[in-house]
Amino acid sequence: MPSTDPPSVPPANVLPKVAAVKVADGERLRSVHLPGVTLTVRSRPPARKGLPPALYVHGLGGSSQNWSALMPLLDGLVASEAVDLPGFGDSPPPDDGDYSITGHARAVVRHLDAAGRGPVHLFGNSLGGAVVTRVAAARPDLVRTLTLVSPALPEIRVQRSAVPTGLLALPGVVSLFTRLTREWTAEQRVRGVTALCYGDPSSVSPEGFRNAVEEMERRLRLPYFWDAMARSARGIVDAYTLGGQHGLWRQAERVLAPTLLVYGGRDQLVGYRMAQRAARAFRDSRLLTLPDAGHVAMMEYPETVATAFRELLADTGEPVADERTEEAVDDEPANQTTGG
């Protein structure tokens, strides 16, 4: 259900300048201007011509950087792009302030339609998993395969550790939380997020932790950061309560694309017990369960997820060879702005 509240942040062209978004080796950023929304897209030059396209969609509070560990492992299989959803990463808020699951899905569809890259191998984590499920149900022509890592699909009994995230959807909670945590450092906040999202927080490298702290400092300077979090959390709650043909579980049943489901046994946000229900709901599904993983298996166990994706391609008859037979074919400069 779309949010009916008016946008509470200034237009993107008058937002303050903040630190640059980190770009890993081999990655490029560009801005894509679409009707009602501007998206930042992170990509890797394809290993050779003719590779099928892939698009990755992050979860609540995340960004396209969440896929930086997985994307290079798939360089010889797909031409990778990861999108920052509106209001997250380096993408400004949507013009209409709509952070619902449907609103985010609409932004993804607009990007795919404008780029003419479909059908794509579509990946989603958490909130992004709900978003791409909606995309795959509504626009099967845009999706080759679907890979869902801890997708935010409705649960009757939500885990206690997930309740605080859901509370962000309530009016006034964000204001209260920001007051109570005003003195928290970016490092403290990152430690809290890591403890919540990782099965083993100690597995995060010192460099990875430093990068996350820098990104947290950058995000906290954005005037719309908490608004985007609250409205997107509200979008998840609204989707959880939506029934009928628009309910996410009903839409999961309509997905035609071969689907890989990845669930972590130590996930504190999406119940591990939902794995079997998801495997039944998606008609052409494969299930990978990782007992030691948390909410972001593609960051904790990227090699395992990459191997499972290769097996998905093999099952569906897609080519899986990954030798670099040609030089990279994308010679566009980094941080390019394009129209759509």
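The model shown is predicted, which means the values in this text are computed figures rather than measured ones.

Draft legend 1. Representation of the pattern of salt bridges within the structure. Scanning the model with the defined rule gives 15 salt bridges in all. With a shortest N-O distance of 2.9 Å, Asp75 and Arg44 are connected by a salt bridge. Within this pair, whereas Asp75 is found in the loop between strand 3 (53-57) and strand 4 (79-84), its partner Arg44 is found in the loop between strand 2 (37-43) and strand 3, the two being separated by 31 residues in sequence. The class of Arg44 is buried, set by a relative accessible area of 14%. As a salt-bridge pair, Arg218 and Asp90 come within 3.6 Å of each other at their nearest N and O atoms.

Draft legend 2. Region of interest: the packing of aromatic side chains. Tallied over the entire structure, the rule returns 5 aromatic pairs. Seen in terms of ring centroids, Phe123 and Phe309 are 4.9 Å apart; in terms of plane orientation they differ by 50°. Their pairing is tilted. With Phe123 in strand 5 (residues 120-125) and Phe309 in helix 11 (residues 302-315), this pair connects stretches of sequence that are 186 residues apart. Phe309 carries the same exposure label as Phe123, and that label is buried. Through a chain of ring-to-ring contacts, the aromatic side chains of Tyr56, Trp67, Phe123 and Phe309 assemble into a single cluster. The ring of Trp249 carries Arg277 above its face, with NZ or CZ at 4.2 Å from the centroid.

Draft legend 3. Layout of the nonpolar core. Counting 52 residues, the largest nonpolar core has Val108, Leu122, Leu146 and Phe282 as its most contacted members. For this core, the element with the highest residue contribution is helix 2 (residues 127-138), accounting for 7 residues. Residues contacting Leu146, with those up to four places away along its chain left out, are Leu122, Val132, Ala136, Val255, Ala257, Pro258, Thr259, Leu260, Phe282 and Leu312. Ala54, Val149, Val296 and Val305 belong to the second-largest nonpolar core, a separate cluster that totals 28 residues.

Draft legend 4. Fine view of the packing of helix 1 (residues 101-115) against helix 2. Look at helix 1 against helix 2: their axes get within 9 Å of each other, and the N-to-C directions meet at 65°. As the angle between them shows, helix 1 and helix 2 are arranged roughly perpendicular. In this structure, the crossing between helix 1 and helix 2 has a hand that is right-handed. Residues Ile101, Thr102, His104, Ala105, Val108 and Val109 of helix 1 lie in contact with helix 2, whose contacting residues are Leu127, Ala130, Val131, Arg134 and Val135. Across the contact of helix 1 with helix 2, the residue classes break down as 8 nonpolar, 2 polar and 1 charged.

Cut-offs and rules
- Residues numbered from 1 in each chain as written.
- Predicted model: local features only at pLDDT ≥ 70, side-chain atom pairs only at ≥ 80, totals over all residues.
- Heavy atoms only, no water.
- Salt bridge = Lys/Arg side-chain N within 4 Å of Asp/Glu carboxyl O.
- Helix = DSSP H or I, 4+ residues; strand = E, 2+ residues; numbered from the N terminus.
- Buried < 20%, exposed > 50% of the residue type's maximum accessible area, 1.4 Å probe, protein only.
- Phe/Tyr/Trp six-rings, centres within 6.5 Å; stacked < 30°, edge-to-face > 60°.
- Lys NZ or Arg CZ within 6 Å of the ring centre and 35° of its normal.
- Core = buried A, V, L, I, M, F, W, Y, C linked by side-chain atoms within 4.5 Å.
- Contact = heavy atoms within 4.5 Å.
- Axes fitted to C-alpha atoms, helices over the stretch in contact; angles between N-to-C directions.
- Parallel < 35°, antiparallel > 145°, perpendicular 65-115°, else oblique.
- Left-handed = near helix turned anticlockwise from the far one by under 90°.
- Nonpolar A, V, L, I, M, F, W, Y, C, P; charged D, E, K, R; others polar.

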